[in-house]
Amino acid sequence: MRKIYDKMIESGLDVYDSQKEAFKYEGDSLMIYGGMGTGKTESALLAIKEGSIVDWILPTPESCIFMYKRLVYQFGEVLNLEVVTPDEVDRSYSSTLKEGGRIRITIPDPVYFEYISDKRESTTLVIDEMGEKYPPDVRSMISDYIDVMESLRIQVIIISSEWVNKGDKKLI
């Protein structure tokens, strides 16, 4: 997203080579791999096509709220964000709508996955913290879900601090 790149420059944030590389693959499925503090989240944001409807999956409700607060702090002026739980949308974690797409931050709930698959509203799926933070049965469900989303030609971005083997994604 160009507006993310512009916001990073305006805020004086360092733009890493991996983030510049991600920007080149806007709209493509990617796997972003690196340690803590290497700019993986920003790389994912830069690879998302402007105006996309994004489902951003994290392992716990707490990590969803943390990510929401982080993104609002860094990019709240340019992103539409909300935290969605399986039971309801928590309106206390929903930013004011701006022009363009939306990022829904949620946990890997099978009912929600089925709902968003049927609705086919999403244009991008981000699986964050993929790896050991998810139990094996949840990783298996996510893997199957990724296959479904890719068959629908939906952009899939996998973010991990540990190596995850998931097909032929571009690795940055």
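Residue indices follow the written sequence of each chain, beginning from 1 at its first position. With the structure being a predicted model, the display of local features is reserved for residues of pLDDT at least 70 and the display and counting of side-chain atom pairs for 80 or more, all residues being used for whole-chain, interface and lining totals. For the side-chain quantities, the full set of heavy atoms in the structure was used; hydrogens and water were omitted.

Quick notes on the packing of helix H2 (residues 17–24) against helix H3 (residues 40–47)
Applied cut-off: Where helices are involved, their axes are fitted lines through C-alpha atoms of the stretch in contact, as for all axes, and angles between N-to-C directions lie from 0 to 180°. In DSSP terms, a helix is any run of H or I states spanning at least four residues, a strand is any run of E spanning at least two, and both are numbered starting from the N terminus. Convention used here: angles under 35 degrees read as roughly parallel, angles over 145 as roughly antiparallel, angles from 65 to 115 as roughly perpendicular, and any remaining angle as oblique. Crossing handedness is read from the near helix: turned anticlockwise from the far helix by less than a right angle, it gives a left-handed crossing, and turned clockwise, a right-handed one. Contacts: residue pairs with any heavy atoms within 4.5 Å of one another. Nonpolar residues are Ala, Val, Leu, Ile, Met, Phe, Trp, Tyr, Cys and Pro. Charged residues are Asp, Glu, Lys and Arg, and all others, Gly as well, are polar.
The N-to-C vectors of H2 and H3 enclose an angle of 20°; their axes lie 7 Å apart at closest approach. The angle between H2 and H3 places the two elements in the roughly parallel class. Where H2 crosses over H3, the two elements pack in a sense that is right-handed. Residues Ser18, Gln19, Ala22 and Phe23 of H2 lie in contact with H3, whose contacting residues are Glu42, Ser43, Leu46 and Ala47. Residue composition of the contact of H2 with H3, grouped by class: four nonpolar, three polar and one charged.

A word on the packing of helix H1 (residues 2–11) against H3
At a minimum axis distance of 7 Å, the contact between H1 and H3 shows a crossing angle of 135°. With respect to their mutual orientation, H1 and H3 come out oblique. In this structure, H1 contributes Ile4, Tyr5 and Met8 to the contact, and H3 contributes Glu42, Leu45 and Leu46. Partitioning the contact of H1 with H3 into residue classes produces five nonpolar, no polar and one charged.

Considering the nonpolar core
What counts, and what does not: The term nonpolar core refers to a set of buried residues drawn from Ala, Val, Leu, Ile, Met, Phe, Trp, Tyr and Cys, joined through side-chain atoms within 4.5 Å. Think of it in three bands: with a 1.4 Å probe and only protein chains considered, a residue is buried below 20% of the maximum accessible area for its type, exposed above 50%, and partly exposed in between.
Counting 30 residues, the largest nonpolar core has Leu45, Trp56, Ile103 and Ile105 as the members making the most contacts within it. Going through the elements one at a time, H1, strand E1 (30–33), H3, strand E2 (53–57), helix H4 (61–75), strand E3 (81–84), strand E5 (102–106) and strand E7 (155–160) are the ones with two or more residues in this core. Among the elements that take part in this core, H4 stands out by supplying five residues, more than any other. Excluding residues that lie within four positions of it along the chain, Trp56 makes contacts with Thr41, Ala44, Leu45, Ile48, Met67, Ile103, Arg104, Ile105, Thr106, Val126, Asp128 and Ile159. Counting 14 residues, the second largest nonpolar core, distinct from the first, contains Ile127, Val138, Met149 and Val156.

A closer look at the confidence of the model for the chain
Close inspection of predicted coordinates is inappropriate for parts of the model with low pLDDT. Definition in use: What pLDDT conveys is the predictor's confidence in a given residue, as a value from 0 to 100.
For the chain, per-residue confidence averages 81 on the pLDDT scale, and residues scoring 70 or more make up 80% of the total. Averaged pLDDT values over the elements of the chain bottom out at 49 in strand E8 (residues 170–171) and peak at 93 in H3.

Topic: the pattern of salt bridges
To be explicit about the condition: We count a salt bridge whenever a side-chain nitrogen from Lys or Arg sits within 4 Å of a carboxyl oxygen from Asp or Glu.
Scanning all chains against the criterion turns up nine salt bridges. Residues Glu50 and Lys3 are paired through a salt bridge, measuring 3.3 Å at the closest nitrogen-oxygen approach. Pair noted here: Glu50 is in the loop between H3 and E2 and Lys3 is in helix H1, with a separation of 47 residues, a long-range link. The partly exposed category is assigned to Glu50, whose relative accessible area is 39%. Its salt-bridge partner being Glu77, residue Lys7 comes within 3.0 Å of it at the nearest N-O pair. In this pair, Lys7 sits in helix H1 while Glu77 sits in the loop between H4 and E3, placing the two residues 70 residues apart along the sequence. A cluster of three or more residues bridged by salt bridges with shared partners is formed by Lys7, Glu10 and Glu77.

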